[in-house]
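# Overview (structure and organization)
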Amino acid sequence: KMEDTSATILYSLENVTLVVGSDSKGEGKLVLTFTSISWTPKAEGQTAETWNYQDVVMHAVSPATATYPPCIYCHLDGEDVTEVRFCPPDEGHLDEMFFHFNKGAELNPDPVGPEDEEEEGEEAPFYFNAQEFGVEGNENVRMHSSGMGMMSPEQFMDMITRQGIEVYDNVEEAFEDPEEEETNEDSQQ
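Just so it is clear, the structure is predicted and the values come from calculations on it, not from any experiment. (Residues numbered from 1 in each chain as written. Predicted model: local features only at pLDDT ≥ 70, side-chain atom pairs only at ≥ 80, totals over all residues. Heavy atoms only, no water.)

### With respect to the overall build of the protein
- For the protein, the helix and strand inventory stands at 4 helices and 8 strands.
- Residue pairs at least 24 apart in sequence account for 51% of intrachain contacts in the protein once pairs closer than 6 positions are excluded.
- Counting every atom, the protein has about 11900 Å² of accessible surface; 46% of that belongs to carbon and sulfur. (Helix = DSSP H or I, 4+ residues; strand = E, 2+ residues; numbered from the N terminus. Contact = heavy atoms within 4.5 Å. Areas by Shrake-Rupley, 256 points an atom, 1.4 Å probe, with all protein chains shown as cover.)

Structure, rendered in structure tokens:
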């Protein structure tokens, strides 16, 4: 007899602020199980939220922006694509949160059926990675994708631009130190 592990908790954290779209739902408890992502509010009268990992098209660590603190940013697929942010009480929790979001996504791959197989001559969907966008190795950008092929290049670029993620022409440009560049130019003259 196989044991049902769907309710097994991978990770939980109190005082996580949930933002759906631009609407802050307040603080609550984030719980990542083998099959789902749940958030239960602290305040009475708020509604708990639960998503399956297959609903998450993409998740990433998002650095602080003018609008949001550092968080786990998720793009959810459904009737309407929704942006969800899980903002921990302390930035130090981000790496562990991201690790467990990845683990949950790995345990719940998108189902593959006959409708997902490519027809002969049909172009494969677009897939993007950090290297293609010149952010590979940038410690502020860590992404995991379980369905990036669903986004067009324009949608992806729009999404990361709204997140304040800089896009560089190449990896080296992401690591250039502007002060060092000025010093090198001065010494060449």
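### Digging into the pairing of strand E7 (residues 82-87)
- Counting buried positions over the 6 residues of E7 gives 5, a clear majority of the element.
- Relative to E7, strand E1 (residues 9-20) runs antiparallel, the two being bridged by 4 bridges. By the bridge assignment for E7, Val19 is matched with Arg85.
- Pairing of strand E6 (residues 71-76) with E7 involves 5 bridges; the strand directions are antiparallel. Bridge pairing in E7 links His75 to Glu83. (Buried < 20%, exposed > 50% of the residue type's maximum accessible area, 1.4 Å probe, protein only. Pairing = 2+ DSSP bridges.)

### Digging into the side chain of Ser36
- Residue position: Ser36 is located in strand E3 (residues 36-41).
- Residue classification places Ser36 among the buried positions, given a relative accessible area of 11%.
- When sequence neighbours within four positions are dropped, the list of residues in contact with Ser36 reads Val31, Thr50, Trp51, Asn52 and Tyr53.

### Details of the packing of aromatic side chains
- Per the stated rule, a full pass over the model turns up 2 aromatic pairs.
- Relative to Phe101, the ring of Phe86 has its centre 5.6 Å away and its plane inclined at 50 degrees; by these criteria the two rings are tilted. Of this pair, Phe86 sits in strand E7 while Phe101 sits in helix H1 (residues 94-107), placing them 15 residues apart in sequence. The pair formed by Phe86 and Phe101 is uniform in burial state, with each residue classed as buried.
- An aromatic cluster of three or more residues is present, and its members are Trp51, Phe86 and Phe101.
- For the cation-ring pair, Arg85 lies above Tyr68, with the distance from its terminal atom to the ring centre recorded as 3.9 Å. (Phe/Tyr/Trp six-rings, centres within 6.5 Å; stacked < 30°, edge-to-face > 60°. Lys NZ or Arg CZ within 6 Å of the ring centre and 35° of its normal.)

### Re H1
- Under the 1.5 Å per step criterion, the end-to-end length of H1 is 20 Å for 14 residues, consistent within 8% with the ideal 20 Å.
- For H1, the full list of buried residues reads Leu94, Met97, Phe98, His100, Phe101, Asn102, Gly104 and Ala105. (Expected span 1.5 Å × (residues − 1).)

### What to know about the pattern of salt bridges
- This structure, assessed with the given rule, holds 4 salt bridges.
- Across the pair Lys29 and Glu14 runs a salt bridge, and its minimum N-O distance is 4.0 Å. Linking Lys29 in strand E2 (residues 23-33) with Glu14 in strand E1, this pair joins segments that are 15 residues apart in sequence.
- In this structure, the salt-bridge partner of Arg85 is Glu83, at a minimum N-O distance of 3.9 Å. Like Arg85, the residue Glu83 is buried in the burial classification. (Salt bridge = Lys/Arg side-chain N within 4 Å of Asp/Glu carboxyl O.)

### A short note on the state of the cysteines
- A full pass over the atoms with the stated rule returns 0 disulfides.
- Not engaged in a disulfide, the cysteine Cys71 finds its nearest cysteine sulfur in Cys87; these two sulfurs lie 4.5 Å apart.
- Owing to a relative accessible area of 1%, Cys71 belongs among the buried residues under this scheme.
- The thiol of Cys74 is unpaired, and the distance to the nearest cysteine sulfur, on Cys71, comes to 8.7 Å. (Disulfide = S-S within 2.5 Å.)

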